[in-house]
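The lines below spell out each chain.
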Amino acid sequence: MAKLPPKLVIQSGKFVWTTLWHVMMSNLAPRSPSGEYTRPASEFRNTISPDPDALYPPASGRYKLFVGMSCPWAHRTLVVRSLKGLEAAIAVSLVSPSPVEGGWILDTPEYGCRTLAEIYHLAKSDYKGRCTVPVLWDTKTNSIVNNESAEIIVMLNGNFTDFSTHPELDLYPESLREKIEIWNDKIYHAVNNGVYRCGFAQTQEAYEIACRELFATLDEIDRVLGTQPYLCGETLTLADIRLFTTLFRFDVAYFGLFKCSLRRIEDYSNLGSYLRHLYHLPGVENTCDLEAVKRDYYGNLFPLNPGGIIPLSADAQTLLKPRR
Ligand SMILES: N[C@@H](CCC(=O)N[C@@H](CS)C(=O)NCC(=O)O)C(=O)O
């Protein structure tokens, strides 16, 4: 076969790949004109409420969660479900990403649906948004109650007390709500979504802004955790759960794949211990699947890792064994 001059190979290869990269990235990650990732808002925002005329009253066995084990937003719902002891009241249906179709596939088909997109369309036939996990699903009306993790975890914490094996645990106490919300806003922007703003940035400038904000916030949290065990003081709250699911994925996925590479969580004295502590709270470890995280992030975010090679690492038990 005739050999092309290396310069031509490099130039044409770069042109084709960069053009394709921008097309694929804009599909994967909507961007602002300056190249910053802009996450679309979740569309289903109903609530489960004890009001007598509520469309969705609290009940055991009626609602279920669709979750993917790699997803940090879905992971929040699994942690709260487990800490509150709601396994018997709220079932879980697992989904996994399809590398060919680019969406979530149900591990076990239900309602005649094979994909999560079909589940969304069962609930709303003209739905045009992204088909994301988690989904809080109502099996009675075959509808989506809510697909925003931040709201689902508040409902799981507060509205299923009668069916909870740990009703005494309140992760969103009235007295701490103001503090919790301040942390939530800061951590959502700079950390939870911040890692995606790094990984999905489409310009150097957008990446650097996101990366510096991310690490400034992690540095601040690390300082706070030097004086108290949890974000809001002595009490574990939803703010900690929301931070935990991002920290759990950080060193194995976000540090490398999303270029969140100024420091590892392991390099922080307080954040590293805090991550371990939360991981070892009863019920949390069994919601964590590090292999799924590596497989789905490195294996399915094609434009970020076209070769599809999944890095080797120790398992979570080894990585997060208590420090001496
Ligand atoms: N705001 C949503 C975000 C959920 C989300 O982005 N989930 C990702 C998985 S980590 C997803 O399902 N993405 C599929 C897509 O965007 O098409 C929440 O917190 O519930």
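Everything below is about the structure shown above.
What you are looking at is a predicted structure, and each value in this text was computed from that prediction instead of being measured.

Calculation criteria
- Residues numbered from 1 in each chain as written.
- Predicted model: local features only at pLDDT ≥ 70, side-chain atom pairs only at ≥ 80, totals over all residues.
- Heavy atoms only, no water.
- Near = heavy atom within 4 Å.
- Polar contact = N/O pair within 3.5 Å; in protein donor to acceptor, adjacent residues only side chain to side chain.
- Areas by Shrake-Rupley, 256 points an atom, 1.4 Å probe, with all protein chains shown as cover.
- Nonpolar A, V, L, I, M, F, W, Y, C, P; charged D, E, K, R; others polar.
- Buried < 20%, exposed > 50% of the residue type's maximum accessible area, 1.4 Å probe, protein only.
- Helix = DSSP H or I, 4+ residues; strand = E, 2+ residues; numbered from the N terminus.
- Pairing = 2+ DSSP bridges.
- Salt bridge = Lys/Arg side-chain N within 4 Å of Asp/Glu carboxyl O.

Draft legend 1. Fine view of the site of the ligand. Near the ligand, the surroundings consist of 15 residues, among which Arg 39, Trp 104, Arg 130, Glu 148 and Ser 149 are the closest. Ser 42 is positioned with one of its side-chain polar atoms (N or O) 3.3 Å from a nitrogen atom of the ligand. At 3.0 Å, a backbone N or O of Val 133 approaches an oxygen atom of the ligand. For the ligand, the protein covers 83% of the area, taking 510 Å² as the surface of the free molecule. When its residues are assigned to classes, the shell around the ligand shows eight nonpolar, four polar and three charged.

Draft legend 2. Molecular detail of the pairing of strand E5 (residues 135-138). Burial of the side chains of E5 extends over both faces: Val 135 and Trp 137 are buried on one face and Leu 136 and Asp 138 on the other. Strand direction decides the pairing type here: strand E1 (residues 63-67) and E5, joined by four bridges, are antiparallel. For Tyr 63, the partnering residue across the bridge sits in E5 and is Asp 138. The pairing of E5 with strand E6 (residues 143-146) spans three bridges and is antiparallel. By the bridge assignment for E6, Trp 137 is matched with Ile 144. Taking the residues between adjacent antiparallel strands as the criterion, E5 and E6 are bridged by four residues, where Asn 142 takes a positive phi near 50 degrees.

Draft legend 3. View of the pattern of salt bridges. Tallying each qualifying case throughout the model produces 16 salt bridges. Put simply, Glu 174 and Arg 177 hold a salt bridge, and the shortest N to O gap is 3.7 Å. With a relative accessible area of 63%, Glu 174 lands in the exposed category. We classify Arg 177 as partly exposed; its relative accessible area is 29%. Between Arg 323 and Glu 266 there is a salt bridge; the shortest N-O distance is 3.6 Å. Taken as a pair, Arg 323 in the segment after helix H11 (316-319) and Glu 266 in the loop between helix H8 (238-257) and helix H9 (269-279) lie far apart in primary sequence, 57 residues in all. Connected through salt bridges with shared partners, the residues Glu 36, Arg 197 and Glu 213 form a single ionic network.

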